[in-house]
There are 2 protein chains.
Amino acid sequence: MLISRPANVRYLAGPAAPAGSVLLLGPSGEDVLVSHPEPGRGSARAALPDDGLSWSELPAEADPAVRAASLAAEAGAEVLALEEHHLTVARHRALAGGFPRIRLSDLGCAVEEQRLVKDEEEIAALRVAAEITDRALGELLESILVGRTERHLALELERRLVDHGADGPAFPTSVGTGSNSGLAGHRPTDRRVEEGDFLSVRLGARFGGYRCQIGRTFVIGTSPADWQVELYDLVFAAQRAGREALAPGAECRAVDRAARQVLDAAGHGQALGPVTGHGVGLEIGEDPRLSPAAMGRLGACVPVTVEPGVHLPGRGGVRIDDTLVVRPMADGGPELLTITTKELLAL
Amino acid sequence: MLISRPANVRYLAGPAAPAGSVLLLGPSGEDVLVSHPEPGRGSARAALPDDGLSWSELPAEADPAVRAASLAAEAGAEVLALEEHHLTVARHRALAGGFPRIRLSDLGCAVEEQRLVKDEEEIAALRVAAEITDRALGELLESILVGRTERHLALELERRLVDHGADGPAFPTSVGTGSNSGLAGHRPTDRRVEEGDFLSVRLGARFGGYRCQIGRTFVIGTSPADWQVELYDLVFAAQRAGREALAPGAECRAVDRAARQVLDAAGHGQALGPVTGHGVGLEIGEDPRLSPAAMGRLGACVPVTVEPGVHLPGRGGVRIDDTLVVRPMADGGPELLTITTKELLAL
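Keep in mind that what you see is a predicted model, and the values were worked out from it rather than measured.

Colleague: Pulling in residues and values, what's your account of helix α6 (residues 120–141) of chain A?
Modeller: The terminal C-alpha atoms of α6(A), which comprises 22 residues, lie 31 Å apart, in line with the 32 Å expected from a rise of 1.5 Å per residue. The N-cap residue of α6(A) is A:Asp119: its side-chain oxygen and the backbone nitrogen of A:Glu121 are 3.1 Å apart.

Right, dumping it as structure tokens:
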């Protein structure tokens, strides 16, 4: 098997695997990490887990996948399973042309499936990531916000994540104010926070490679307008319904439906994106997806986000995102990692 | 032709093209941008250049490439040229299976080749990016550095880039101090700047989609040690040799050789990475590559970096990176975009 997707290589080979590495897995554990040398990182090799993984370095312009196939050929491999959802047609052709005696097959998402359920070490990393995220957000809430731009708030949040020990942000921090609030993938602009605005933020820390996500919406000024309270309560109810539907064995689409139908019933179903949550881990958007078309059921120890939102064009909107770990009721039900309050705060 | 590589789509369809869009180019200009709807970005459609490009939106879970192929099939296309160096095997298979009457061929790097030579509008964006970068770096040099960590300095530089109008950093800012200085892809750590250290920084702004790069090395404290002066002068001489070799018609590998042989002659050739420079534009690592194996020649109006460096394990090192635009001698020779001084400053 030839593993090329970066998060999959990281998952199997550990954090010391240099960027662009591929992993060749043999039938009886004679695994090789193939990577470009990294200047000044002579110690990376030593940092690899000592579990029979060996290391093959190669010239800078060579494709690690081709080297891996060549090692497979030398070892007499007849079949090589590849990640066809990651490998480009051009790289695949180079392998097919270079090693005509090896039959290339598709490994599919076998490694992604392994990554779905997290062990306690992975969950511990996510827990730290969430703690860092909560602290960064908490500090921001204590500062003066009126007059500052979305961009500056986003940068300050990212700085605070790193201050508190994050490797970096888990994804680009989104800050939306006024009519930009509540937009799912809003990229921060030079718009300044004003009295009476909704302010929505979405951020997350990356810690030990693992990524979490939180989203919160606030009101700026003394007291929120009626429409703001109403919209907030609605999204909160939808998000709670989603959270409460999380359980081992629950259908992914049933969790989505739980959140979605609250918004649908209030006539805001269209404002909702295609997913109301997704898995998190080494990547920020992993399986499972919580969407109407999602197949499959949740398992225990699967961390997911629950993140419904409504945006009213021209007015703004609300998003509330949490990261939780699915746990059986006997263990207390879903474990909330992002514990910042979900009360509607007026800042 | 089906264009899927994001920077190529951005190049041909302009900045309004949503993430994940693909572009279908017909034989007589009936071009279609196929993208997922972006909630709250209804205006993106209107922002598209009015040059016959039409717009096809599709459901969130559908692959834009499949929709594009279906539009091509409806229009009676017999051949569809794809970017096989970008498209995955799995997506290619979906196209081949879904549209058996269309012959799929390889477009290769045709769009990347178009992107090589920049027009004056693109160079203007790069010039602004470089101005922003110089200002951010200049401000950092006026602040107290001793005792601060690499991570903090990197974040502060990125904040200043955005303060001065950048869309964001062009790539993750690298700050290395002491034994980390001079490492090409160094990721900032919690190491603090100390008296006597080399401090090397590499950063760049992204402006209007275009990315530039600067790298500088400084000495912390009163006066540099002899080995530091010697190493700095050597890298400076190599970098100057590379810059001076830039000319329309010059072989890429000759430019690389000009810089490399200065370091080789001093016995530091091994410390050098595989490239001594590369093109910049919508991506930070574009063609051409300045390396010993590079084929091809430089053209006028091609922006490139010249960035040799030497790292001595355990001691540190020096990197000096500039972004320049290749220009004929009649126009004054290479245009230096990143104008921060290359004197060895003691900070």
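Colleague: How would you explain the relation of the copies chain B and chain A if you had to name every residue and give the values?
Modeller: You can overlay chain B on chain A at an RMSD of 0.0 Å; the transform is a turn of 180 degrees with a shift of 0.0 Å along its axis. Within this description, the copies of the chain are treated as partners about a two-fold rotation axis. Ranked by how close their C-alpha atoms come to the rotation axis, the residues of chain B are headed by B:Thr88, at 2.0 Å. In this assembly, 100% of the residues forming the interface of chain B have copies in chain A that are likewise at the interface, indicating an isologous arrangement.

Colleague: Summarise the UniProt feature "domain: Peptidase M24" (unreviewed entry) in chain A; cite the residues concerned and give the values.
Modeller: Per the UniProt record, "domain: Peptidase M24" (unreviewed entry) is annotated on residues 125–327 of chain A. Helix makes up 32% of residues 125–327 of chain A and strand 23%, with an end-to-end C-alpha separation of 17 Å.

Colleague: Break down the pairing of strand β6 (residues 103–106) of chain A for me, citing the residues and quoting the values.
Modeller: Residue and element names in this part refer to chain A. Sheet analysis places strand β5 (residues 79–82) next to β6, joined by 4 bridges and oriented parallel. The residue of β6 that forms the bridge with Val79 is Arg103. The handedness of the β5 to β6 crossover, carried by helix α4 (residues 89–98), is right-handed.

Colleague: For the sheet that holds strand β10 (residues 205–207) of chain B, give the residues involved together with the corresponding values.
Modeller: All names here are of chain B. On the basis of which strands lie adjacent, the open sheet formed by 3 strands has the order β7-β10-β11 and antiparallel pairing. Of all the strands in the sheet, just β7 (168–169) and β11 (210–211) have a single pairing partner and so form its edges. Bridge count for β10 against β11 is 2 bridges, and the pairing is antiparallel. Paired with Arg206 across the two strands is Arg211, which belongs to β11. Along the sheet, helix α6 (residues 120–141) contacts β10 and β11; its crossing angle with β10, the most-contacted strand, is approximately 145 degrees.

Colleague: Tell me about the sheet that holds strand β9 (residues 198–203) of chain A, and name the residues and values.
Modeller: Residues and elements named next belong to chain A. If you walk across this open sheet you meet the 3 strands as β8-β9-β12, and the pairing is antiparallel. The open sheet is flanked by β8 (174–177) and β12 (214–219), the only strands paired with a single partner. Averaged over all pairs of adjacent strands, the angle between their axes in this sheet comes to 10 degrees, without regard to strand direction. Relative to β12, β9 is paired through 6 bridges, and the arrangement is antiparallel. Paired with Leu199 across the strands is Phe218, a residue of β12. Against the sheet, helix α7 (residues 150–163) makes contact with β8 and β9, and its axis sits at roughly 145 degrees relative to β8, the strand it touches most.

Colleague: Mind laying out the interface of chain B and chain A, listing which residues take part and the relevant values?
Modeller: Taken residue by residue, the interface counts 31 residues in chain B and 31 residues in chain A. Summing both partners gives a buried area of about 2400 Å² for chain B against chain A, and 58% of it is carried by carbon and sulfur. Our enumeration of links across chain B and chain A arrives at 2 salt bridges. Counting across the chain B and chain A interface gives 12 residue pairs in polar contact (both at pLDDT 80 or more). Looking at the side of chain B that touches chain A, the elements that each hand over two or more residues are α4 (89–98) and α7 (150–163) of chain B. Here the side of chain B that touches chain A gets 7 residues from one element, more than from any other, and that element is α7(B). Class assignment for the residues of the side of chain B that touches chain A results in 11 nonpolar, 8 polar and 12 charged.

Colleague: Which residues make up the environment of A:Phe171, and what values do they have?
Modeller: Residues and elements named next belong to chain A. Residue placement: Phe171 occurs in the loop between β7 (168–169) and β8. Using a relative accessible area of 11% as the deciding quantity, one classes Phe171 as buried. When the C-alpha positions of Phe171 and Ile284 are compared, they lie 7.1 Å apart, and in sequence the two are 113 residues distant. With sequence-adjacent residues up to four places away left out, Phe171 is seen in contact with Glu158, Arg202, Leu203, Gly204, Cys212, Gln213 and Ile284.

The rules behind the values
Residues numbered from 1 in each chain as written. Chains lettered and ligands numbered in written order. Predicted model: local features only at pLDDT ≥ 70, side-chain atom pairs only at ≥ 80, totals over all residues. Heavy atoms only, no water. Helix = DSSP H or I, 4+ residues; strand = E, 2+ residues; numbered from the N terminus. Expected span 1.5 Å × (residues − 1). Polar contact = N/O pair within 3.5 Å; in protein donor to acceptor, adjacent residues only side chain to side chain. Least-squares fit on C-alpha atoms with pLDDT ≥ 70 in both. Contact = heavy atoms within 4.5 Å. UniProt positions renumbered as here; feature names shortened; annotations may be inferred. Pairing = 2+ DSSP bridges. Right-handed = clockwise from strand over helix to strand, strands pointing away. Axes fitted to C-alpha atoms, helices over the stretch in contact; angles between N-to-C directions. Buried area = accessible area lost by both parts, 1.4 Å probe. Salt bridge = Lys/Arg side-chain N within 4 Å of Asp/Glu carboxyl O. Nonpolar A, V, L, I, M, F, W, Y, C, P; charged D, E, K, R; others polar. Buried < 20%, exposed > 50% of the residue type's maximum accessible area, 1.4 Å probe, protein only.

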